Structure formats: structure tokens, C-alpha cells
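Remarks on the overall topology
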Amino acid sequence: MNKNHAGKSIAKTSKFLSLVLRHRPEIIGLELDRQGWAEVDDLLTQLGLHGRSITQEQLVRVVEENDKQRFRFNGDRTRIRASQGHSVAIDLALPPKKPPTQLFHGTATRFLDSIRQQGLLSRSRQHVHLSQDKSTAEKVGKRHGSPVILVVDSEGMSRDSLEFFLSDNGVWLTEKVPEDYIEFPKWKPI
Ligand code: HQG
């Protein structure tokens, strides 16, 4: 297999892993424990049974080479989980952490009216996702349409006892962001 093809298949496997480890483990008959971990042996077996066979070495490459470090092994590499982004009801069991003064959220202009009214909601996921840098927020926003970056007063939220968690891959998570803590763009989107 040439390098390009290998890269593409890694990307494909990574997308599929996101689907099963975050959203739909049942499509390959996989069970996640309460904290979202799957047994690596089970995962490899179930992938094989569903026409998605990969080797342990390929799985290690998917985890290690993932651009956002979306997946993580436990210490002895017998278990694996997604570090954030779940829609399945699991408890990542992250300790609350004091956030930086500000955090950013990238969204699409078409959602702005609704966000002004309701604040940021986690919708299908378990948390609202925030980043420490604007460029990540911009990329996330672009996935939904014409991007806009919202500035979140995380310091104010923290002061008001709203909790934050930092995922293993550096994404800030919180249950919701009430509209009063959001700085909206001054310009009116077209
Ligand atoms: C929007 C990526 C209307 C919200 C990233 C977003 C992230 C509202 C969309 C991770 C709303 C949900 C998650 C409201 C929120 N009214 N729209 N009240 N509140 N929204 O995909 O943050 O590459 O569930 O602004 O790095 O875009 O997948 O969340 O536009 O960490 O690893 O509803 O996905 O990681 O969309 O992305 P999503 P997200 P990965």
C-alpha cells in the first residue's frame, strides 16, 4: 500500500472510530463502560465481524497519528476511548478545572439568533465544546456554514459556579453557556 493510500485508510478508520466510540457503538455490537472505555480486544473483534477489520498495529497508528488526538488508550493499552465529543450517555469522570479568562466557540451565522435567545446548548452531544484558541473555533465554525467566533466569559461563568472540564485532548467542556456570558459579533451577519 502506498503512503497516500495508507493515510487515507487511516483517516477513514478514524472517522469510523469516532462514530462507534462517541455515538453508535451498537452498530458493531460494541459495549462501552460507564466512562466510555471499550476493551481493545472487543473492538478489534467487532470491527472484524462488521467488515472493518484492522490490526492492533493499525489501531495504534490511528490513535497516535490522529490530528486532534481524539482517542486515547489506557496505560496498558487494553482499553480505548474517545476523549470528547460523545453523544452517548457516558461520564468521562474528568475533574472540574478552572478555565482561562476567555474561551472561544466557533459556530455558523445561521445559528446566531437562536444562540442569542437560548445561549449555547450541547444539543446532541454531552457538552458544549470550547477552545482556547480562535483558529480552532474558526475551523469548527466552518463545518457548519459561514463561520463566526463567539467569545465566552469563562472566568465569569466559573465565578458563578458553572463548571468546566478539560478533555485529554485539550478541548474545554461545559454543560451550557447562558447567553449573558457570550460576546456576540458587533456586525450583523448577512
Ligand atoms: C450550535 C469537533 C442553535 C453550535 C470540534 C454548533 C468540537 C446552537 C452546533 C466538536 C445552539 C452543534 C464539537 C443554540 C449551540 N441554537 N445552535 N442554542 N447552541 N448551537 O458538532 O461545537 O473534529 O455538536 O454552535 O473540535 O460544532 O469532531 O458541536 O454549531 O470539539 O473531533 O449547534 O467537534 O471535534 O454542533 O463541535 P456540534 P461543535 P471533532
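First things first, this report covers the structure right here in the doc. (Residues numbered from 1 in each chain as written. Predicted model: local features only at pLDDT ≥ 70, side-chain atom pairs only at ≥ 80, totals over all residues. Heavy atoms only, no water.)

**Here's the deal with the overall build of the protein chain**
Going by this rule: Helix and strand assignments follow DSSP, with helices taken as H or I runs no shorter than four residues and strands as E runs no shorter than two, numbered in order from the N terminus. Each residue is assigned to one of three classes by its accessible area relative to the maximum for its type, calculated with a 1.4 Å probe on protein chains only: buried under 20%, partly exposed between the two thresholds, exposed over 50%. Throughout, the Shrake-Rupley method with a 1.4 Å probe supplies accessible areas, and for residues the shown protein chains are the sole cover considered. Neither His nor the chain ends contribute to the count of charged residues, in which Lys and Arg are positive and Asp and Glu negative. The atoms used to mark charge sites are NZ of Lys, CZ of Arg, CG of Asp and CD of Glu.
Along the protein chain, the regular secondary structure elements total six helices and nine strands. C-alpha extents for the protein chain along the principal axes are approximately 50 × 35 × 25 Å. A total of 190 residues make up the protein chain; the buried ones form 43% of that total. Counting only carbon and sulfur atoms, one obtains 47% of the accessible surface of the protein chain, whose full area is about 11,200 Å². Where the 29 positive side-chain charges of the protein chain centre and where its 24 negative ones centre are 7 Å apart.

**Some thoughts on the nonpolar core**
Soluble globular proteins tend to bury their nonpolar side chains together. To be explicit about the condition: To define a nonpolar core, start from buried Ala, Val, Leu, Ile, Met, Phe, Trp, Tyr and Cys residues and group those joined through side-chain atoms within 4.5 Å. It only takes one pair of heavy atoms within 4.5 Å for two residues to be counted as in contact.
Counting 29 residues, the largest nonpolar core has Leu-17, Leu-21, Leu-43, Leu-59, Phe-71 and Ile-80 as its most contacted members. Every element with two or more residues in this core is listed here: helix H1 (3-23), helix H2 (40-49), helix H3 (56-65), strand E2 (71-73) and strand E3 (79-82). When residues of this core are assigned to their parent elements, the largest contribution, five residues, is made by H1. Leu-43 has contacts with Leu-17, Val-20, Ile-28, Leu-30, Leu-59 and Ile-80, leaving out every residue within four places of it along the chain. Listed in part, the 18 residues of the second largest apolar core include Val-128, Leu-150, Val-177 and Phe-184.

**Details of the sheet that holds strand E4 (residues 103-108)**
Within a sheet, each strand pairs with its neighbour through backbone hydrogen bonds, oriented either parallel or antiparallel. Which entries qualify depends on this criterion: Here a strand pair is declared whenever DSSP counts at least two bridges between the two strands. Axes here mean lines fitted to C-alpha atoms, for a helix over just the part in contact, with angles spanning 0 to 180 degrees between N-to-C directions.
Across the sheet, which stays open at both edges, the three strands sit in the order E4-E6-E9 with antiparallel pairing between neighbours. Either end of the sheet is taken by a strand with one partner, and the two such strands are E4 and strand E9 (182-183). With six bridges connecting them, E4 and strand E6 (residues 147-152) associate as antiparallel partners. Looking at E6, one finds that Phe-104 is bridged to Val-151. Each of E4 and E6 is contacted by helix H5 (residues 134-142), which is oriented at about 20 degrees to E4, the strand it contacts most.

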